[in-house]
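# Coordinate analysis (summary)
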Amino acid sequence: AGDKPANLGDVEMKMGQQNSSPMQYSSRSPVMNVPSPSDNAELPARQEASPKEAHKNSHGKMPRGHRNSDAHVRRVDLAAIVTPQDVDEPKDPYARIARFLYKDYYVPPNAIKTEIVAGLIVGLAVVPEAIAFALVVGIPPQWGVDTTLITSLVVGIFGGRPGLCNGASGAVAVVIVDIVQDPNAGVAYMGYTVILAGLFCCVFGVLRLANYMTLISSSVMVGFVNALAIIIGCAQVKAFKADNIIQTGAARSNSTGVPNRRLLSSFDVFVDGEAWVDSEVACWMLTEVAIVMLTMGLLPLIKHEKLKWIHNIPSSLIGILLATAFEHGIVRTIGNTQTTTIGDIGKMEGGLPKLLWDRGYDLPPLNLDTFQKILPCASTLAAVALIEQMMTLQLVDAMTRTVGQANREGVGLGLGNVVAGLFGGMGGNAMIGQSVICIKTGGFRRLSNIVTGLTVLCITAGLFKVVNLMPSAAFVGMMWMICYYTFEWNSFRLLFHACHNEKNRERFGRHHKIERSDLLVIVVVTVVTLFTNLAMAVAAGIGINLISYAVKSGETVRLSAKTLLLPTSADKLADPDRPGKDCASDAVVEGTVVYEVEGPLFFGSIKQFMDLFDYDGDPADVELHCFQMSIMDYSATEALVKLADEYKEKGKRLHLKFLKVENHRLLSKARGMLEGISSWESTVHVNEEDEDLEEMRDSLFPEVLRHRHSGQ
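Before going into details, it helps to say that this report is about the structure given with it. (Residues numbered from 1 in each chain as written. Predicted model: local features only at pLDDT ≥ 70, side-chain atom pairs only at ≥ 80, totals over all residues. Heavy atoms only, no water.)

## What about the state of the cysteines?
Within the structure shown, the criterion is met by zero disulfides. The thiol of C165 is not disulfide-bonded; the next cysteine sulfur, from C438, is found 6.7 Å away. The exposure class assigned to C165 is buried, which follows from its relative accessible area of 2%. (Disulfide = S-S within 2.5 Å. Buried < 20%, exposed > 50% of the residue type's maximum accessible area, 1.4 Å probe, protein only.)

See below:
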């Protein structure tokens, strides 16, 4: 009781509890005030009604499940309880802004230390990855670090999901490399491409398109991460080339002087004809790779109580430092040789990020030709960045059991990339692994994101000389471990089990089979990515999923028929739409067939639907009961028109009964097309809590709203 913090999610309430104390809810504050039972404050006027009356819906009826019991435990959403009187919303715009800033950016004093520690840890972890992804693109490492610095701060401040770590990522790297290594474009076009991609992300958020991300299924995401791991892993092989010096000219071409081929271009590094490093250097580089990989793999396995503090230091950073010590303590002293370092590939110079026009290359003119060159890469970059951003947001939501603002996150991502592009950055998005580290170390608020950006700034400004001494092979080992953790190895088991029949699966206990259509999506997305790019692969996967769903939904349409007998006496014929039961009198009777339809009616189920009717054998009146039928598109409406015309040509009448309200509304808008249908009726949901679906189906006299449309 009292001002005790509580979760603003679902609250367990006991309905009909006469002596319960009044509860006051606020949709703006994380505090639910629950007065103690001793509090004799009077109930508000809106709560003085009886328990049943207090919980009636807008139609004046009790919700389903409350008609037989006054005491019933159910989960109640606070949004359904809070009324406008409960919300203390200030009218002054300045007060609203102050309240928003307090709610969105305030950090309790007891959480400041935890947030700072989380930001420091993540800041140490993102710098090596930023350098590695810059090497994947083929730009100086300083540019990748600058990108992480800018996106960490901008997206962390303006995004919709506190605790989400942003920076230069692998998904962005494998896309932006196309424009950087294009001989007709080059690195001079990279900034423009990132800015345009950021604008696309802003439009995505402003138009509130985040809900459409649900079209991306789990099978698409598995194929996405598998292909991403393969591309990043292959890109690391370039570190073993003898000529691995980064060039920053306006345009670069490959050894043949022609554009890089898109067909399996990720594997060009194996056949491009460039010389490899000598065998001795390669052995030392592989040793440094092994040092980093073993450190990242074994360090998390330490469980000793006295050594648990080491888990607060990123294992990748420890591995890189060990490889650096190995390089300068053994390779260059005992081995009398050396491997390539970051300073050899692209020396970091420290300092603050430089603007786009101060990067040392001539910018292309802002005209239609430039726009046409950057548009394909920018659109792909925006799509890939948004996909990984929303995927990471959902993961963090699940970990924190809170709901982030997806559309605002899209706007924040766009702003971050626009600013990064203005400073010549490679573009970035959410980093899944670092976001998980941030949440697990207590970084739930925006302060941790700001500290991460400031940590990156301190490293790039003060420790850049140390970074220049680090061997490039150490970053190769780190990236290969990231690829190992990224790849969904379980997909091989799914593929293996799907290739066996049910008998063999039961015999050998292989119970991890999924639908073969989902397995096809995983394979297609992975393969198409290797042949084209990630955006095209995701689009192909979504297309296969939609086709598969349409086919399966079309097979769910069911139709059952039964015959009713209608008396033809004058008093009964006065109401021809009032069906009667079997009549035992001597009156002349006429048969009426009733079809009950179940399932969605759309373009994929039309043929099966039309084949279910007996046009010649049915009597003069045909009723189509639509309790569980959903009219999904124009094809469904056209099918009903054709069905009515078929019966009309044979002198018979079609009646649609018990349409859902939304279906009746749809047909009413297209009533000019439905002249062949004698009538259609929509069930009015005024007594839904007392009449479930089966009761309405069995009842011959429900309350209906009749709309008559004659052929005249």
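## A closer look at a nonpolar patch on the surface
Together, F200, L368, F371 and L375 make up a nonpolar patch on the protein surface, roughly 340 Å² of accessible area in all. Positionally, L375 belongs in helix α12 (residues 368-400). Relative accessible area serves as the criterion here: at 31%, L375 is assigned to the partly exposed category. (Patch = residues over 30% accessible without salt bridge, like charges linked within 9 Å, V, L, I, M, F, W, Y side chains within 5 Å. Areas by Shrake-Rupley, 256 points an atom, 1.4 Å probe, with all protein chains shown as cover. Salt bridge = Lys/Arg side-chain N within 4 Å of Asp/Glu carboxyl O. Helix = DSSP H or I, 4+ residues; strand = E, 2+ residues; numbered from the N terminus.)

## Side note on the pairing of strand β8 (residues 653-659)
Every regular strand shows the same layout, with side chains that alternate between the two sheet faces. In terms of burial, β8 is a largely internal element, six of the seven residues being buried. Read as a crossover between parallel neighbours, the route from strand β7 (residues 621-631) over helix α24 (residues 634-649) to β8 is right-handed. (Right-handed = clockwise from strand over helix to strand, strands pointing away.)

## Here we look at the side chain of S448
Considering the arrangement of structural elements, one finds S448 in helix α15 (residues 446-462). For S448, the side chain forms a polar contact with the side chain of E115, separated by 3.5 Å. When near neighbours in sequence (up to four residues on either side) are disregarded, S448 contacts E115, A118, G119, G163, C438 and G443. (Polar contact = N/O pair within 3.5 Å; in protein donor to acceptor, adjacent residues only side chain to side chain. Contact = heavy atoms within 4.5 Å.)

## A word on the environment of I313
By the secondary structure assignment, I313 is in the loop between α9 (279-298) and α10 (315-331). A relative accessible area of 32% means that I313 is categorised as partly exposed. The sequence separation of I313 and I121 amounts to 192 residues, and the corresponding C-alpha distance is 6.5 Å.

## Concerning the environment of D614
In this structure, D614 sits in the loop between α23 (606-610) and β7. Counting along the chain gives 33 residues from D614 to Y647, while the straight-line C-alpha distance between them is 9.7 Å. The contact partners of D614, leaving out residues within four places of it in the chain, are Y595 and Y647.

## Some details on the nonpolar core
Core analysis: the biggest nonpolar cluster contains 89 residues, and I139, I176, M190, F224 and M478 have the highest contact counts within it. Residues within four places of I176 in sequence aside, it is in contact with V137, M190, T193, V194, C377, L381 and M426. Residues V557, L601, F613 and L667 belong to the second largest nonpolar core, which totals 29 residues. (Core = buried A, V, L, I, M, F, W, Y, C linked by side-chain atoms within 4.5 Å.)

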